[in-house]
Amino acid sequence: QRRQSMDRAEERLVSMCEERARMLQEQFGVTVNHVHAIAILIATFNYEKSPPAIDADTFAKYTARTSFERPLLNGVAYAQRVFHHEREMFESQQGWIMNTMQREPAPPRDEYAPVIFSQDTVSYLARIDMMSGEEDQENILRARTTGKAVLTNPFRLLGSNHLGVVLTFAVYRPDLPADASVEQRVEATIGYLGGGFDVESLVENLLSKLAGNQDIVVNVYDVTNASEPMALYGPSILDEQVPHVSMLDFGDPFRRHEMRCRYRQKP
Ligand code: WA2
């Protein structure tokens, strides 16, 4: 009798965890796909047309109207690639000076990635050189050599200070061949599109709507380095209960994530 109820409890935990992992992965996937489409939109409308057929106001309107397509993202922003020798011209044309994330004037470097377009929900990113943040810089460099969606380590996002990860796509000149080399990719890079997955608040909101949510504790980790899991979501765990582990694929082959579920109280 006791054996059977244990099995049923275990089965219920497994199915609740798998359901949550599938849902989260699905919402991650649709969000990544939509950001990819905006990256292509920018390449098309900002580069192939002269003068550019997109400006900051149009970008803000379009991204606000399509935010339902990106349910887990705090917003999207576009950072233009600017070389050091172009900086003076760029700043005088824009009429502003690029800042670091610490809100200081950006110190000299070989190249910069100042945000020129942003969704209103992340308007605090405007004018910031995204190369000034360690996580953002790593993402930018990896995005442009791979041509794929890339994710950062879990860290606290600007603005909300919520735990999350940043998604970045490189934007290329539209003449980049499909089989381009790494060097060709880097050379053809004109900017970067991305935003923050606000895991702390948007995943909470997603899970809170599911039946049985009060019964279980859900954690999400970045387990790219298996011996050093990095917490991305959920409370710190004190008890030694063995969790059920569900695999998560957020679309960046360089990273591994997993969901771990436990009963709040032993059944
Ligand atoms: N987006 C939202 N919140 C953030 C953040 C970010 N980066 N960085 C820190 N907090 C413009 O990679 C290009 C968005 C990064 C793109």
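Residues numbered from 1 in each chain as written. Predicted model: local features only at pLDDT ≥ 70, side-chain atom pairs only at ≥ 80, totals over all residues. Heavy atoms only, no water.

A look at the state of the cysteines
Here comes step 1: Under the definition given, this model contains 1 disulfide.
Here comes step 2: Between the sulfur atoms of Cys17 and its disulfide partner Cys261 the distance amounts to 2.0 Å. Linking Cys17 and Cys261, the disulfide has an S-S dihedral of approximately 75° and is accordingly described as right-handed. Of the two residues, Cys17 sits in helix α1 (residues 2–47) while Cys261 sits in strand β12 (residues 257–263), which places them 244 residues apart along the sequence. Neither residue differs from the other here; Cys17 and Cys261 are each classed as buried. (Disulfide = S-S within 2.5 Å. Helix = DSSP H or I, 4+ residues; strand = E, 2+ residues; numbered from the N terminus. Buried < 20%, exposed > 50% of the residue type's maximum accessible area, 1.4 Å probe, protein only.)

Focus: the nonpolar core
Here comes step 1: Among the nonpolar cores identified, the biggest contains 51 residues, and Leu24, Phe59, Tyr78, Leu193, Phe197 and Met259 are the most heavily contacted of them.
Here comes step 2: Looking at this core, the elements with two or more residues in it are α1, β4 (115–118), β7 (163–172), β8 (189–197), α6 (199–208), β9 (216–222), β10 (230–233) and β12.
Here comes step 3: Tallying contributions element by element places α1 first for this core, with 13 residues.
Here comes step 4: Other than its neighbours up to four places away in sequence, Phe197 contacts Phe28, Thr31, Val32, Leu72, Leu73, Leu151, Leu157, Leu163, Gly164, Val165 and Leu167.
Here comes step 5: Counting 12 residues, the second largest nonpolar core, distinct from the first, contains Ala79, Met101, Ala113 and Met130. (Core = buried A, V, L, I, M, F, W, Y, C linked by side-chain atoms within 4.5 Å. Contact = heavy atoms within 4.5 Å.)

Quick look at the packing of aromatic side chains
Here comes step 1: With the rule as written, the count across this model stands at 5 aromatic pairs.
Here comes step 2: Relative to Trp96, the ring of Phe90 has its centre 5.5 Å away and its plane inclined at 85°; by these criteria the two rings are edge-to-face.
Here comes step 3: Across the ring face of Tyr221, the terminal group of Arg260 is positioned such that the distance to the ring centre comes to 4.2 Å. (Phe/Tyr/Trp six-rings, centres within 6.5 Å; stacked < 30°, edge-to-face > 60°. Lys NZ or Arg CZ within 6 Å of the ring centre and 35° of its normal.)

Quick notes on helix α3 (residues 87–94)
Here comes step 1: Looking only at α3, the buried set comprises Arg87, Phe90 and Glu91. The arc that holds every buried residue of α3, seen down its axis, measures 95°, which confines them to one face. For α3, exposure combined with an orientation more than 90 degrees from the buried face picks out Glu88, Met89, Ser92 and Gln93.
Here comes step 2: Contact partners of the buried residues in α3: β1 (77–80), β2 (82–83), β3 (111–112) and β4.
Here comes step 3: Downstream of α3 by one or two residues, Gly95 has phi in the positive range, about 80°. (Arc of directions from axis to C-beta.)

A few points about the site of the ligand
Here comes step 1: Near the ligand, the surroundings consist of 15 residues, among which Met130, Asp136, Leu158, Val166 and Thr168 are the closest.
Here comes step 2: For the ligand, a nitrogen atom lies 2.6 Å from a polar atom in the side chain of Asp136.
Here comes step 3: Take Leu158: an N or O atom from its main chain is 3.0 Å from a nitrogen atom of the ligand.
Here comes step 4: Protein contacts shield 100% of the accessible area of the ligand, which totals 400 Å² for the unbound molecule.
Here comes step 5: Among the elements that take part in the shell around the ligand, β8 stands out by supplying 4 residues, more than any other.
Here comes step 6: Grouping the constituent residues of the shell around the ligand by class yields 9 nonpolar, 5 polar and 1 charged. (Near = heavy atom within 4 Å. Polar contact = N/O pair within 3.5 Å; in protein donor to acceptor, adjacent residues only side chain to side chain. Areas by Shrake-Rupley, 256 points an atom, 1.4 Å probe, with all protein chains shown as cover. Nonpolar A, V, L, I, M, F, W, Y, C, P; charged D, E, K, R; others polar.)

Observations regarding α6
Working note: α-helix, 3.6 residues per turn, so residues spaced by three or four point in the same direction.
Here comes step 1: Along α6, the residues that are buried comprise Val199, Val203, Leu206 and Leu207. On an axial view of α6, the arc spanned by its buried residues comes to 95°, and they lie on one face.

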